[in-house]
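Structural overview for review
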Amino acid sequence: AQSVAQPEDQVNVAEGNPLTVKCTYSVSGNPYLFWYVQYPNRGLQFLLKYITGDNLVKGSYGFEAEFNKSQTSFHLKKPSALVSDSALYFCAVRDPQYNFNKFYFGSGTKLNVKP
Amino acid sequence: EAGVAQSPRYKIIEKRQSVAFWCNPISGHATLYWYQQILGQGPKLLIQFQNNGVVDDSQLPKDRFSAERLKGVDSTLKIQPAKLEDSAVYLCASSLGVLEWRGGSDTQYFGPGTRLTVL
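The notes below deal with the structure included here.

What counts and how
Residues numbered from 1 in each chain as written. Chains lettered and ligands numbered in written order. Predicted model: local features only at pLDDT ≥ 70, side-chain atom pairs only at ≥ 80, totals over all residues. Heavy atoms only, no water. Disulfide = S-S within 2.5 Å. Helix = DSSP H or I, 4+ residues; strand = E, 2+ residues; numbered from the N terminus. Buried < 20%, exposed > 50% of the residue type's maximum accessible area, 1.4 Å probe, protein only. Pairing = 2+ DSSP bridges. Axes fitted to C-alpha atoms, helices over the stretch in contact; angles between N-to-C directions. Contact = heavy atoms within 4.5 Å. Buried area = accessible area lost by both parts, 1.4 Å probe. Salt bridge = Lys/Arg side-chain N within 4 Å of Asp/Glu carboxyl O. Polar contact = N/O pair within 3.5 Å; in protein donor to acceptor, adjacent residues only side chain to side chain. Nonpolar A, V, L, I, M, F, W, Y, C, P; charged D, E, K, R; others polar.

**Examining the state of the cysteines**
Scanning all chains against the criterion turns up two disulfides over all chains. One disulfide in the model links Cys23(A) with Cys91(A); its S-S distance is 2.0 Å. Across the S-S bond of Cys23(A) and Cys91(A) the torsion is about -65°, and the bridge reads as left-handed. Of the two residues, Cys23(A) is situated in the loop between β3 (19–21) and β4 (24–26) and Cys91(A) in strand β10 (residues 87–94); the sequence distance between them amounts to 68 residues. Exposure class is identical for Cys23(A) and Cys91(A). Each is buried. In this model Cys23(B) forms its disulfide with Cys92(B); the gap between the sulfur atoms is 1.9 Å. Negative torsions about the S-S bond denote left-handed disulfides, and the value of about -70° found for Cys23(B) with Cys92(B) makes this one left-handed.

**Thoughts on the sheet that holds strand β3 (residues 19–24) of chain B**
All names here are of chain B. With antiparallel pairing, the four strands of this open sheet are ordered in space as β1-β3-β8-β7. Either end of the sheet is taken by a strand with one partner, and the two such strands are β1 (5–7) and β7 (65–68). On average, each strand axis in the sheet is tilted by 15° relative to the strand beside it, whichever way the strands run. Relative to strand β8 (residues 75–79), β3 runs antiparallel, the two being bridged by five bridges. The residue bridging Ala20 from the neighbouring strand is Lys78, located in β8.

**Points about the interface of chain B and chain A**
Residue-level contacts link 30 residues of chain B with 21 residues of chain A. Note on chain B versus chain A: buried area summed over both sides is about 1,900 Å², and carbon and sulfur give 46% of it. At the junction of chain B and chain A, the tally comes to zero salt bridges. Inspection of the region where chain B meets chain A yields three residue pairs in polar contact (both at pLDDT 80 or more). Put simply, the parts of the chain that give the side of chain B that touches chain A at least two residues each are β4 (31–37), β5 (44–50), β6 (53–56) and β9 (88–95) of chain B. When grouped by side-chain class, the residues that make up the side of chain B that touches chain A number ten nonpolar, 15 polar and five charged.

Structure representation (structure tokens):
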């Protein structure tokens, strides 16, 4: 069965420090992995995705994520956090062996960046 | 490029009443999705359309939920009758879905959502 786990409900980091939001996945085949961000009262905004190729993927707003097949992880990272990065972050996986477009979302991680 | 449009943004109803949500996807996007996001959880797919056909509705509570995309463009999601546990944000998303959908790399773009409160 396909699933995504975001083990931390909340991550707190000081502005200027690096941040990491964790995501692990479980699929039967090679996964397609996505990160979305959700600001209050807004829909989800696409940040980045991994399909194939380089394990380090760069996305919007300075975010990047590293695909690690052996650890089945796709952690989101940013070298220097901004207060404006405070939001809810969702990891999603798609298993291309099944419904090609069906996303399975994690439960979300709330990122708090303090000045 | 205009994004995914949804209306209304907020809706408050009493249990057993009916409610409908509307979504207009990004122009040219063949695939349209409706998600339910309960507070504290990730979005859950309710139904997925490819043009005007249903691709996946396995998690749609069909005894009370219905959705249509008659002309393959905009879509309506209806709940009749509503229950307390239907209180959630209903998100609509769209993706190109024409050539890429078999490849699985299709990016979904989300609308702002409709927050439903059932009293």
